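Fold and contact review
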Amino acid sequence: MSAIDLHARPSKDFEAKLAETQALLIRAASEFSPLTQASSLGAEDVVITHLINSLELDIPVFVLDTGMLHKETLELLERTKATSRAAVNVYQPVHESVVQFVKREGKDPMYRSVELRKACCGIRKLEPLARMLAGRSAWVTGLRREQSNNRGEVPFSETDDKGRTKFNPLADWSWNDVWHYIASNDVPYNPLHDEFMPSIGCAPCTRAIAVGEDFRAGRWWWEDEKAKECGLHVHEDQPVVSMIGARE
Ligand code: SF4
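Along each chain, numbering runs from 1 in the same order as the chain's sequence is written. With pLDDT at 70 or above as the cut-off, local features in this predicted model cover only qualifying residues; side-chain atom pairs require 80 or more to be listed or tallied, and sums for whole chains, interfaces and linings still use all residues. Here the side-chain values reflect all heavy atoms present in the structure, with hydrogen atoms and water set aside.

Notes on the sheet that holds strand β2 (residues 61-64)
Pairing between strands is defined by DSSP: at least two bridges between them are needed. In this text, helices come from DSSP runs of H or I with a minimum length of four residues, and strands from runs of E with a minimum of two, each type numbered from the N-terminal end. Strand order across the open sheet formed by 6 strands is β3-β2-β1-β4-β6-β5, with mixed pairing between neighbours. In this open sheet, the two strands that pair with only one neighbour each are β3 (88-91) and β5 (157-159). Within this sheet the neighbouring strands show an average axis-to-axis angle of 30°, counted without direction. Summarising the sheet, β2 and β3 pair through 4 bridges and their orientation is parallel. Bridging from a neighbouring strand, V63 pairs with V90 of β3. On top of the sheet, helix α2 (residues 14-31) reaches β1 (35-39), β4 (138-140) and β6 (165-167); it is set at about 150° to β6, its chief contact. The convention used is that axes are lines fitted to C-alpha atoms, helices contributing only their stretch in contact, and that angles between N-to-C directions extend from 0 to 180 degrees. Any pair of residues with heavy atoms lying within 4.5 Å of one another is described as a contacting pair.

Quick look at the side chain of R219
By the element assignment, R219 lies in the segment after α7 (175-185). Note on classification: 1.4 Å probe, protein chains only; a residue is buried when its accessible area is under 20% of the maximum for its type, exposed when over 50%, partly exposed between these limits. On the basis of relative accessibility, which here comes to 1%, the residue R219 falls in the buried class. Contacts described as polar in this section are N or O atom pairs within 3.5 Å, which, within protein, must combine one atom able to donate a hydrogen with one able to accept it, while residues neighboring in sequence count only if both atoms come from side chains. At 2.7 Å, the side chain of R219 and the side chain of S199 are in polar contact.

Brief notes about the packing of α2 against α7
With their axes 11 Å apart at the nearest point, α2 and α7 run at an angle of 80° to one another. On the basis of the axis angle, α2 is roughly perpendicular to α7. From α2, F14, K17 and L18 reach across to α7, where they touch D177, H180 and Y181. Note on angle classes: values under 35 degrees are labelled roughly parallel, values over 145 roughly antiparallel, values of 65 to 115 roughly perpendicular, and the remainder oblique.

Concerning the environment of Q37
Within the element layout of this structure, Q37 appears in strand β1. Take Q37: its relative accessible area is 0%, and that puts it in the buried class. Separated by 12 residues in the primary sequence, Q37 and T49 place their C-alpha atoms 7.7 Å from one another. Leaving out residues up to four positions away in the same chain, Q37 has contacts with D45, I48, T49, I52, I59, P60, V61, F62 and V140. Separated by 2.6 Å, the side chains of Q37 and T49 make a polar contact.

Some thoughts on α2
Along its 18 residues, α2 runs 26 Å from first to last C-alpha, staying within 8% of the 26 Å computed at 1.5 Å per residue. Looking at the buried positions of α2, the neighbouring elements they touch are β1, α3 (43-54), β4, β6 and α7. To estimate how far a helix should reach, multiply one less than its number of residues by 1.5 Å.

Thoughts on the pairing of β1
The buried fraction of β1 amounts to 5 of the 5 residues, a majority that puts the element mostly inside the structure. Burial along β1 is two-sided: L35, Q37 and S39 facing one way and T36 and A38 facing the other are all buried. Sheet topology note: the β1/β2 ladder contains 3 bridges and is parallel. When the sheet's bridge partners are listed, S39 is paired in β2 with V63.

Focus on the site of the ligand
We define proximity as follows: a residue is near a molecule or strand when any one of its heavy atoms falls within 4 Å of that partner. Every residue near the ligand is listed here: M68, M110, R117, C120, C121, R124, K125, C202, C205 and W220. All residues other than Ala, Val, Leu, Ile, Met, Phe, Trp, Tyr, Cys, Pro, Asp, Glu, Lys and Arg, Gly among them, are scored as polar; the first ten of these are nonpolar and the last four charged. Residue classes in the shell around the ligand are distributed as 7 nonpolar, no polar and 3 charged.

A closer look at the packing of α3 against α7
Running from N to C, α3 and α7 cross one another at 50°; their axes reach a closest spacing of 10 Å. Taken together, the axes of α3 and α7 lie oblique to each other. Taken as a pair, α3 and α7 cross one another with a handedness that is left-handed. Residue-level inspection shows A43, E44, V46, V47, H50, L51 and S54 of α3 in contact with α7, the latter providing W175, V178, W179, Y181, I182 and N185. Within the contact of α3 with α7, the residues separate by chemical class into 9 nonpolar, 3 polar and 1 charged. By convention, the crossing between two helices is left-handed when the near helix turns anticlockwise from the far helix through less than a right angle, and right-handed when the turn is clockwise.

Structural notes on helix α6 (residues 114-133)
Since the α-helix advances by 3.6 residues per turn, residues separated by three or four positions end up pointing in the same direction. To get the bend at a residue, fit one axis to the 7 residues ending there and another to the 7 starting there, then take the angle between the axes. The sharpest bend along α6 measures roughly 45° and falls at G122. Remark: G135 follows α6 within two positions and exhibits a positive phi of approximately 85°.

Some points on the pattern of salt bridges
We count a salt bridge whenever a side-chain nitrogen from Lys or Arg sits within 4 Å of a carboxyl oxygen from Asp or Glu. By the definition in use, this model includes 15 salt bridges. As a salt-bridge pair, D13 and K17 come within 3.9 Å of each other at their nearest N and O atoms. The class of D13 is partly exposed, set by a relative accessible area of 41%. Note that D177 and K17 form a salt bridge whose closest N and O atoms lie 2.8 Å from each other. Of the two residues, D177 is situated in helix α7 and K17 in helix α2; the sequence distance between them amounts to 160 residues. In this pair, the class of D177 matches that of K17, namely buried. Put simply, D13, K17 and D177 are held in one network by salt bridges that share partners.

It is worth stressing that arrangement in space is one thing and function is another; only the former is reported here.
Structure representation (structure tokens):
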């Protein structure tokens, strides 16, 4: 069964949620420039990119290519670049930093300790994210409250730890809403979602989840739950998942 077969069922108030999301994106685009969408090409992010394109908003899309993405994600990236009206900008880690890190720690050091995993995220994710966000006053993400306990309070807009406005236009969407939108609008999505990977990151750090497991259980599954963020969406007053631990 595909993710659409399994999940595409709208909430009763889906149309109202969609209207609010569209209004928020329109307002964000009119009030903030330059504004960008940070996309991991996951289900939420393809919905937002589709909304940006259908509303013809001036919001370029930013994708982090960590060098460790699944081939399915890279294929979706190419398809998105070819079809998106909005510009799709790809940021990669500094090559020399990756080479030195791999030389020093080996190919998959993330399994050896939380510190090494966070160091890898720092080089491959946080540094390019910081480069992309430099000079920007606002960005758009696909965070939803339902994604994990850590994200239960996600607001529609907030101020990040660098004083930028962060818009989370799907904050109150359910997973079923996301798939209803994808199905209704024939939005291309990562086929790994059909293989029970609701949250998709780098290949070595993502696995399929079992029935009843938490939404993000397949991310860094070997670690304690509290460490499971890479640092892209944390505040400096959250020490457990701060910058020492480098979306997403
Ligand atoms: S998610 Fe895994 S492979 Fe990707 S940057 Fe973090 S530790 Fe490295």
